[in-house]
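These are the residues of each chain, in order.
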Amino acid sequence: MSHRHSHDVIVVGAGASGLAAASSLHAAGLDTVCLEARARVGGRMLSVATSYPGRALDLGATWFWDGEERIRTLAARSGIATFDQHLAGDTLLQETTGTRRLTGNLLDAPSHRFTSGSQSVATALAGTLPAESLLLNTPVTAIRQVSQHRLTVLTPAGPSHARHVILAIPPALALERIDFHDALPADLVRLARSTPVWMGTVTKVVAHYPAVFWRERGLAGAVFSRTGPLQEIHDMSGPDGRPAALLGFAHARAVRPGFDKAVTGQLARLFGPAAPAPDVLHVQDWSTERWTAPPTVHRLTDYSLLGHALYQRPALDGRLHWASTETATENAGHIEGALAAGERAARSVLASAGLLNGVTTTRR
Ligand SMILES: Cc1cc2nc3c(=O)[nH]c(=O)nc-3n(C[C@H](O)[C@H](O)[C@H](O)COP(=O)(O)OP(=O)(O)OC[C@H]3O[C@@H](n4cnc5c(N)ncnc54)[C@H](O)[C@@H]3O)c2cc1C
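Residues numbered from 1 in each chain as written. Predicted model: local features only at pLDDT ≥ 70, side-chain atom pairs only at ≥ 80, totals over all residues. Heavy atoms only, no water.

### Quick look at the overall build of the chain
And step 1. A count of helical and extended segments in the chain gives 8 helices and 19 strands.
And step 2. C-alpha atoms of the chain, sized along the principal axes, occupy 70 × 40 × 35 Å.
And step 3. Of all 364 residues assigned to the chain, the portion counted as buried reaches 57%.
And step 4. Here the contacts in the chain between residues at least 6 apart in sequence split such that 71% fall between residues at least 24 apart.
And step 5. Total accessible area computed for the chain in this model is approximately 15000 Å², and 52% of it derives from carbon and sulfur atoms.
And step 6. Treating the 34 positive side-chain charges of the chain as one cloud and the 30 negative ones as another, the clouds have centres 2 Å apart. (Helix = DSSP H or I, 4+ residues; strand = E, 2+ residues; numbered from the N terminus. Buried < 20%, exposed > 50% of the residue type's maximum accessible area, 1.4 Å probe, protein only. Contact = heavy atoms within 4.5 Å. Areas by Shrake-Rupley, 256 points an atom, 1.4 Å probe, with all protein chains shown as cover. Lys, Arg positive; Asp, Glu negative; His and termini not counted. Charge placed at Lys NZ, Arg CZ, Asp CG, Glu CD.)

Have a look at this one:
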């Protein structure tokens, strides 16, 4: 824990949303500290290095789309190279009766990727903060209002105090992991407990191959499957096909003993016995991640709650502000929504501090 225990603002969570908020507030001159439960930044932006220098594979967020200006600008400003998602080739449709080849790519929309992986965006944002303003391995366990002007935030390292707290974690997770001492209004508690965690029930599989063998056969690497375990497959290769990789999404409930073998069996059935076995198979089950998904995650299905009006205004006498992609009114669920929500929370703090003109944003 930082040697100072009193701050203008404490941001809970160092995903895209929390880091965007902390970065804006720090730039505006507020004493801001960002507390992160995990030993890394990025949250649902998680990338693994490959043998190609500077090229990573994403186990969480992968793409951004045209019109998502915050993330596009942030990547450009941070010097993070981007490239277009590979689209060319035919689609495979896998059914119980066999696999059919459909002309053209019927699965992927035009989108863009980060050469160094999406987590590098979070690392770049974290780099805008002084080292003492970002504390890893520091889970927030309780938040208490001690006066009209102050909140106390508890972590295993002890209490800290702030004039404002930004909750940049999925609302349902906040209610599960943080004790608010029954101080939140009942309608807000009900809403937060019911709000889905975006992609929180998904298992992402990344199969790293020696070469993009499917492209050589005129295939896009795009697959719809009615048999599973992977329900959708996409080309996840780097620029020019290096590294060569396919990504698949499975429902987390499909992950049981023998899952890896079922996946490699499915890939072999799809691409034929001549297809090479993957060099590495990464399996990332987000539903069992303590700092992403609450145990109720599978029951949270009302996506109309994303960006709800109650998240747009602070609670606890204007001291507790919501961020996280789930609270965004536009592009909710995406990295873009996470950045927008972080900016909105930062603006809300600055407005309350009478400093609104000082905010910097990731929008052009
Ligand atoms: C498999 C998958 C694929 C995706 N694909 C895409 C995509 O292609 N494009 C796209 O735009 N989006 C995608 N997303 C969504 C995208 O990852 C999220 O919208 C975005 O990363 C959310 O950022 P956030 O800051 O709101 O939340 P998070 O990234 O969840 O960050 C919250 C942070 O808070 C920390 N935390 C949690 N509890 C506490 C606590 N009590 N105390 C302190 N810290 C805490 C967590 O460790 C985490 O670092 C995908 C997500 C997944 C899981």
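### A word on the site of the ligand
And step 1. Around the ligand, a shell composed of 36 residues is seen, among which Glu36, Arg44, Trp63, Gly333 and Ile335 lie nearest.
And step 2. At 3.4 Å from an oxygen atom of the ligand is found a main-chain nitrogen or oxygen belonging to Gly43.
And step 3. Val140 places a main-chain nitrogen or oxygen 2.9 Å from a nitrogen atom of the ligand.
And step 4. Starting from 1000 Å² of accessible surface for the ligand in isolation, the protein chains cover 99%.
And step 5. Put simply, the ligand lies in the largest pocket.
And step 6. The set of elements that each furnish at least two residues to the shell around the ligand consists of helix H1 (16-27) and helix H8 (335-352). (Near = heavy atom within 4 Å. Polar contact = N/O pair within 3.5 Å; in protein donor to acceptor, adjacent residues only side chain to side chain. 1 Å grid on protein atoms, 1.4 Å probe; cavity = no way out; pocket = protein on both sides within 12 Å on 5 of 7 lines; lining within 4 Å. Sits in = over half its atoms within 2 Å of the grid points.)

### Considerations on helix H5 (residues 186-194)
And step 1. When we look at burial in H5, the residues that qualify are Leu188, Val189, Leu191 and Ala192. Relative to the axis of H5, the buried residues are bounded by an arc of 165° and lie together on one face. Structural note: H5 exposes Ala186, Arg190 and Arg193 on the side pointing more than 90 degrees away from its buried face.
And step 2. Those residues of H5 that are buried lie in contact with helix H4 (171-177) and strand S19 (320-322). (Arc of directions from axis to C-beta.)

### Some words on the sheet that holds strand S18 (residues 280-285)
And step 1. One open sheet accounts for 7 strands, arranged S8-S7-S15-S16-S17-S14-S18; its pairing is mixed. The sheet terminates laterally at strand S8 (98-102) and S18, the two strands that pair on one side only. Recorded for the sheet is a direction-independent mean angle of 20° between the axes of neighbouring strands.
And step 2. With 2 bridges connecting them, strand S15 (residues 219-225) and strand S16 (residues 232-235) associate as antiparallel partners. Bridge assignment links Phe224 to a residue of S16, and that residue is Glu232. (Pairing = 2+ DSSP bridges. Axes fitted to C-alpha atoms, helices over the stretch in contact; angles between N-to-C directions.)

### Things to note about the packing of aromatic side chains
And step 1. Enumeration according to the criterion identifies 8 aromatic pairs in this entry.
And step 2. Members of the aromatic cluster, joined through ring pairs, are Tyr209, Phe213, Trp214 and Phe271.
And step 3. The side chain of Arg290 reaches across the aromatic face of Trp291, ending 5.1 Å from its centre. (Phe/Tyr/Trp six-rings, centres within 6.5 Å; stacked < 30°, edge-to-face > 60°. Lys NZ or Arg CZ within 6 Å of the ring centre and 35° of its normal.)

### Quick look at the domain arrangement of the chain
And step 1. On domain assignment, one finds that the chain holds domain 1 (6-43 + 121-198 + 292-358) and domain 2 (86-111 + 201-288).
And step 2. For the domain 1 and domain 2 pair, buried surface summed over both sides reaches about 520 Å², with 60% attributable to carbon and sulfur atoms.
And step 3. For domain 1, the biggest contributors to the area lost against domain 2 are Thr292, Val297 and His298; these three give 70% of the whole.
And step 4. At the boundary of domain 1 with domain 2, the tally comes to 0 salt bridges.
And step 5. Its residues assigned to classes, the side of domain 1 that touches domain 2 comprises 2 nonpolar, 3 polar and 2 charged. (Domains from an automatic or database assignment. Buried area = accessible area lost by both parts, 1.4 Å probe. Salt bridge = Lys/Arg side-chain N within 4 Å of Asp/Glu carboxyl O. Nonpolar A, V, L, I, M, F, W, Y, C, P; charged D, E, K, R; others polar.)

### A word on the side chain of His112
And step 1. Here His112 is to be found in strand S9 (residues 112-114).
And step 2. A distance of 2.6 Å separates a polar atom in the side chain of His112 from a polar atom in the side chain of Asp66.
And step 3. A distance of 2.8 Å separates a polar atom in the side chain of His112 from a polar atom in the side chain of Asp84.
And step 4. Setting aside its immediate chain neighbours within four residues, His112 contacts Thr62, Trp63, Phe64, Trp65, Asp66, Phe83, Asp84 and Gln85.

### Quick word on the sheet that holds strand S6 (residues 82-84)
Strands in a sheet are paired, the pairing made by backbone hydrogen bonds, and the direction either parallel or antiparallel.
And step 1. On the basis of which strands lie adjacent, the open sheet formed by 3 strands has the order S5-S9-S6 and antiparallel pairing. Only two strands of the sheet have a single neighbouring strand rather than two, namely strand S5 (63-64) and S6.

### Quick word on the pairing of strand S7 (residues 90-95)
And step 1. Counting buried residues in S7 gives 6 out of 6 residues, a clear majority hidden from the surface.
And step 2. Burial along S7 is two-sided: the residues Asp90, Leu92 and Gln94 and Thr91, Leu93 and Glu95 are all buried.
And step 3. Strand direction decides the pairing type here: S7 and S15, joined by 5 bridges, are parallel. Across the sheet, residue Leu92 finds its bridge partner in S15, namely Val223.

### Notes on the layout of surface pockets
And step 1. When its volume is computed, the largest pocket comes out at roughly 960 Å³.
And step 2. Looking at the lining of the largest pocket, the element that brings in the most residues is strand S17 (residues 244-251), giving 3 residues.
And step 3. The class makeup of the residues in the lining of the largest pocket is 27 nonpolar, 15 polar and 7 charged.
And step 4. Both domains that furnish three or more residues to the lining of the largest pocket are identified here as domain 1 (6-43 + 121-198 + 292-358) and domain 2 (86-111 + 201-288). (Points joined across faces, edges and corners; volume = space filled by probe spheres on them.)

### Focus: the pairing of S15
And step 1. Where burial is concerned, most of S15 is hidden: 6 out of the 7 residues are buried.
And step 2. Here S15 hands over to S16 after 6 residues, with Gly228 in that stretch at a positive phi of 75°.

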